[in-house]
Amino acid sequence: MRKITYRDALREALLEEMQRDKTVFLLGEDIGRYWQGAFKVTKGLAEKFGEERVLDTPISESAIIGTAVGAAITGMRPVAEIMFGDLVTLAMDQIANQAAKIHYMFGGQSRVPLVIRTPFGGGVNIAAHHSQSLEAWFMHVPGLLVAVPSMPSDAKGLLKAAIRNDNPVVFCEHKLLYPIEGLVPEGEYTLPFGAAEVKREGKDVTIVATMFMVHEALKAAEALEKDGLSVEVVDPRTLVPLDKKVIIDSVRKTGRLVVVSEDCKTAGVTAEIAALVAEEAIDYLDAPIKRLATPDAPIPFSPPLEKHLIPDEKSIIQIVKKIV
Amino acid sequence: MDSDTLVLMYRKMLEIRLFEDKVFELYGQNLVPGTIHLYTGEEAIAVGVCANLRKEDYIVSTHRGHGHCIAKGARLDRIMAEILGRKTGYCKGKGGSMHIADFSVGVLGATAVVGAGIPIATGAGLSIKLRGTDQVAACFFGDGASNQGTFHEAINMAAIWNLPVLFVCENNLYAMGTHQARVMLIDDIAERAAAYGIPGVLTDGNDAIAVYKAAEKAVERARGGRGPTLLECKTYRQKGHSRFDPATYRPKEEVEEWLSKDPVRRLRKQLREAGTISDDKLAQMERDVAEAVEAAVTFAVDGPHPAPREALEDIYA
Ligand SMILES: Cc1ncc(C[n+]2csc(CCOP(=O)(O)OP(=O)(O)O)c2C)c(N)n1
Ligand SMILES: [Mg+2]
């Protein structure tokens with residue numbers, strides 16, 4: 001195995017799937033050879049596969065997803081890129097009312113094999129219109145699958161699986177993850193949806209974290225180890241479906257749970273996972289569940305403001321210490 | 001035009017007319033849950049367009065969609081069963097009147113979100129182009145829908161990619177109670193095509209032959225790889241917008257004028273005057289269609305309701 005970045009792992013998944021299946025094509029704003037994608041994930045793909053399979057679109061988010069839906073129900077496997085996660089708002093009808101409901105509403109006649117890739121998250125000082133984490137919105141729409149890869153290998157394995165899945169998948173990426181490196185298997189490598197992974201084993205407390213927060217949680221776990229605390233870090237990897245078993249098994253072992261996510265606290269990812277454990281595993285808990293999320297505020301521009309809101313290694317350490 | 005096509009078109013229009021009359025009647029008997037949007041008065045459009053389409057071509061439909069499905073070749077009985085919420089309906093009772101699809105004849109489904117089908121049709125066109133077939137996609141939508149952003153986004157996209165799509169605007173002058181003149185400053189929505197650099201064609205939507213001929217050109221163009229067309233068909237709904245709407249916001253003279261332009265009677269008259277079909281054959285056809293509609297009702301009413309647990313089936317593929 002070689003080390004590559006999260007960005008390159010995504011690109012490798014796209015490339016391999018496009019080679020494997022000629023119904024797979026990409027569409028999005030500035031993903032083609034002139035700009036190569038806002039985060040360069042699609043770099044080189046237009047040159048390799050031609051502009052018909054790597055379509056530069058007008059700035060029309062609703063039509064990007066709507067067009068992808070129409071193509072998906074007529075034999076293609078589109079992978080649409082929305083340049084920034086915040087801009088899914090412009091395509092929300094097509095995602096939540098069309099893509100998510102077509103299979104059900106038409107009595108199972110049709111499938112919507114569609115992947116929507118988009119980067120969420122803050123940390124790069126671009127303020128309230130380009131920094132949100134909206135993944136929980138999609139958890140609330142039956143019919144959608146939601147992937148939240150944290151590692152380059154997960155990015156590759158889940159993206160390849162998402163492209164082969166017959167359901168619409170909202171594939172959440174994170175701006176700060178693109179340059180992160182990790183070991184990634186070459187060639188065929190897919191991961192099942194609904195399979196969490198224990199990213200670090202421990203016995204005193206469980207941290208369930210997603211996307212960039214997995215990395216902050218791992219750093220926190222490392223630091224806490226020096227204080228003699230053994231921290232387990234669980235990464236759900238997909239939010240829909242959610243791997244309840246791995247989460248509950250971990251809580252059963254440690255008796256303590258901290259849930260960390262970058263989305264807003266109210267009705268968010270942390271709320272759902274905390275509720276799950278409260279409902280199905282409260283007897284295993286030796287301390288109250290703690291949630292660490294971005295407070296319910298827009299993401300501000302100025303670095304000290306933004307830094308203050310988004311969870312990080314330090315705030316994770318603080319919250320863990322409250323329950324041990 | 002060849003007489004077989006004309007006769008078939010009349011039959012389809014009659015099917016829609018009698019089908020919708022029947023839905024209205026069943027509705028009065030409390031057999032139809034929810035709401036209905038009847039296509040009565042607009043039959044010439046779906047039929048004139050679909051008479052130019054092949055089975056493998058696609059259509060995207062709307063909340064006022066029964067007529068589109070019938071014109072594209074979907075079965076009366078399974079449409080009726082769906083409208084009545086039966087398991088034997090096209091969508092196993094999950095869709096209802098506003099969400100009928102029959103993928104086996106290219107009906108990609110009706111959406112109840114006004115304007116949402118337009119990008120989906122563009123996507124079907126893109127898929128055709130990428131797969132390299134000679135299919136076409138036709139998208140029906142209303143005057144009201146043409147004020148949605150999706151109209152602009154999706155037609156522009158189809159234009160720049162030169163996709164085989166017919167954008168068929170059924171301009172019945174009203175979106176619910178809102179007259180066209182209150183929400184746009186142009187008379188003809190077809191004019192908007194100029195903004196996308198594609199042909200905008202205006203036609204009398206109550207004249208089946210005129211719609212057929214306009215659609216014929218647009219389909220030829222699309223199949224020939226020359227791109228999309230915006231086809232505006234002027235028409236009028238003879239009933240209210242939906243279930244409870246008495247449509248009192250429409251002036252009486254206006255309603256009467258349009259009733260006198262009834263598309264079904266008009267084609268019938270044209271066929272008789274041209275001697276395309278004998279009175280005997282016409283009478284026979286009218287009996288046949290009435291029987292087919294009755295049979296559809298029987299099929300629908302006899303069909304079971306879905307079992308409650310089916311509510312949790314088919315959420316994921
Ligand atoms: C996006 C959206 N807004 C509002 C509605 C409510 N609504 C249903 S039909 C309709 C009018 C549609 O008018 P038009 O597009 O002209 O079609 P028509 O009903 O006249 O056939 C409205 C406003 C809706 N279903 N979807
Ligand atoms: Mg209208």
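Along each chain, the written sequence defines residue order, and numbers are assigned to residues from 1. Whichever chain is written first becomes A and whichever ligand is written first becomes 1, with later ones labelled in order. Note on the predicted model: pLDDT of at least 70 is required for a residue's local features to be given, and 80 or more for side-chain atom pairs to be given and counted; whole-chain, interface and lining totals, by contrast, use all residues. The basis for the side-chain values is all heavy atoms of the structure; hydrogens and waters are excluded.

## What about the domain arrangement of chain A?
For an interface, size is often stated in terms of accessible area lost upon the parts coming together. Residues and elements named next belong to chain A. Domain boundaries assigned for chain A yield domain 1 (2-184) and domain 2 (197-323). Residue ranges assigned to the domains are those given by an automatic or database domain assignment. On a C-alpha basis, the centroid separation for the pair domain 1 and domain 2 is 26 Å. The partner domain 2 presents 28 residues to the 28 residues of domain 1 that form the contact. Summed over both partners, buried area is the accessible surface (1.4 Å probe) that two parts give up on being assembled. With both sides pooled, the region where domain 1 packs onto domain 2 buries about 2,300 Å², and carbon together with sulfur makes up 67% of that total. Looking at the side of domain 1 facing domain 2, the largest losses of area belong to N125, M139 and V148, adding up to 25% of the total buried there. By definition in these notes, contact holds between two residues if any of their heavy atoms fall within 4.5 Å.

## Overview of the nonpolar core
We call a set of buried residues a nonpolar core when its members are Ala, Val, Leu, Ile, Met, Phe, Trp, Tyr or Cys and they connect through side-chain atoms within 4.5 Å of each other. Each residue gets one of three labels from its accessible area relative to the maximum for its type: buried under 20%, exposed over 50%, partly exposed in between, using a 1.4 Å probe on protein chains only. Core analysis: the biggest nonpolar cluster contains 207 residues, and I65(A) and V49(B) have the highest contact counts within it. Counting from the N terminus, the helices are DSSP H or I runs at least four residues long and the strands are E runs at least two residues long. Sort the elements by how many residues they give to this core and helix α1 (residues 3-28) of chain B lands first, with ten residues. Split by domain, the residues of this core number at least three in each of domain 1 (2-184) and domain 2 (197-323) of chain A. Sequence-distant contacts of I65(A), that is, excluding residues within four places in its chain, are made with A80(A), I82(A), A91(A), Q94(A), I95(A), L114(A) and I116(A). With five residues, the next largest nonpolar core counts Y174(B), Y236(B), V255(B) and W258(B) among its residues.

## Some points on helix α3 (residues 61-72) of chain A
Residues and elements named next belong to chain A. For α3, spanning twelve residues, the distance from its first C-alpha to its last is 16 Å, which sits close to the expected 16 Å at 1.5 Å a residue. Of all twelve residues in α3, twelve are buried, a share of seventy percent or more. Every buried residue belonging to α3 is among E61, S62, A63, I64, I65, G66, T67, A68, V69, G70, A71 and A72, and all of these are buried. Helices are assigned an expected span. That span is 1.5 Å times one less than the residue count.

## Re the sheet that holds strand β11 (residues 231-235) of chain A
Residue and element names in this part refer to chain A. What the five strands build is an open sheet, ordered β9-β11-β10-β13-β14; its pairing is mixed. Looking along the sheet, the strands with just one partner apiece sit at the ends: β9 (197-200) and β14 (290-294). Averaged over all pairs of adjacent strands, the angle between their axes in this sheet comes to 25°, without regard to strand direction. Where helix α10 (residues 269-280) meets the sheet, it contacts β10 (205-209), β13 (257-264) and β14, and its direction lies at approximately 155° from that of β13. The pairing criterion is simple: DSSP has to find at least two bridges between the two strands. Every angle, taken between N-to-C directions, lies between 0 and 180 degrees, and every axis is a line fitted to C-alpha atoms, over only the stretch in contact when it is a helix.

## Overview of the site of ligand 1
Residues and elements named next belong to chain B. We call a residue near a molecule or strand whenever a single non-hydrogen atom of that residue lies within 4 Å of it. By nearness alone, 15 residues border ligand 1, and H63, R64, A112, D143 and G144 come closest of all. Under the rule applied, a polar contact is a pair of N or O atoms within 3.5 Å (in protein, one hydrogen donor and one hydrogen acceptor; residues adjacent in sequence only if both atoms are side-chain atoms). Within the side chain of R64, one N or O atom sits 2.8 Å away from an oxygen atom of ligand 1. In this structure, Y174 approaches ligand 1 through a main-chain N or O atom, which is 2.9 Å from an oxygen atom. All accessible areas in this document rest on Shrake-Rupley with a 1.4 Å probe, and a residue is counted as covered only by the protein chains that are shown. Within the complex, the protein chains bury 73% of what would otherwise be the 580 Å² of accessible surface of ligand 1.

## Considering the packing of helix α8 (residues 212-226) of chain A against helix α12 (residues 313-322) of chain A
Residue and element names in this part refer to chain A. Close contact between α8 and α12 brings their axes to 8 Å; oriented N to C, the two are set at 60°. Considering the angle they form, α8 stands oblique to α12. Remark: the crossing between α8 and α12 carries right-handed chirality. Between α8, through M213, E216, A217, K219, A220, A223 and L224, and α12, the contact on the second element is made entirely by E313, I316, I317, V320 and K321. A breakdown of the residues in the contact of α8 with α12 according to their chemical character gives eight nonpolar, no polar and four charged. Between 65 and 115 degrees an angle is taken as roughly perpendicular, under 35 as roughly parallel, over 145 as roughly antiparallel, and anywhere else as oblique. For any helix crossing, the convention is left-handed if the near helix is rotated counterclockwise from the far helix by under a right angle, and right-handed if that rotation is clockwise. Each residue is assigned to one of three groups, with Ala, Val, Leu, Ile, Met, Phe, Trp, Tyr, Cys and Pro labelled nonpolar, Asp, Glu, Lys and Arg labelled charged, and all others, Gly among them, labelled polar.

## What about the packing of aromatic side chains?
Side-chain rings of Phe, Tyr and Trp (the six-membered ring for Trp) are treated as a pair once their centres are within 6.5 Å; stacked means planes under 30 degrees apart, edge-to-face means over 60, and tilted covers the remaining angles. Overall, the coordinates contain nine aromatic pairs over all chains when judged by the stated rule. With a centroid separation of 5.7 Å and an interplanar angle of 75°, the aromatic rings of F141(B) and F151(B) are classed as edge-to-face. Of this pair, F141(B) sits in strand β3 (residues 137-142) while F151(B) is found in helix α6 (residues 149-160), placing the two residues ten residues apart along the sequence. Look at F151(B) and you get buried, because its relative accessible area is 2%. Taking the centre distance of 5.4 Å and the plane angle of 5° together, the rings of Y236(B) and W258(B) count as stacked. With Y236(B) in the loop between β8 (229-234) and α9 (252-259) and W258(B) in helix α9, this residue pair connects regions lying 22 residues apart in the sequence. Residues Y236(B) and W258(B) agree in their burial class; the two are buried. Connected via pairs of aromatic rings, a cluster forms that spans Y6(A), F39(A), F84(A) and Y178(A). Our definition puts a charge over a ring when NZ of Lys or CZ of Arg is within 6 Å of the ring centre and also within 35 degrees of the ring normal. The aromatic ring of Y104(A) is capped on one face by K94(B), whose charged end is 4.6 Å from the ring centroid. The ring centre of Y174(B) lies 6.0 Å from the NZ or CZ of R250(B), which sits over that ring.

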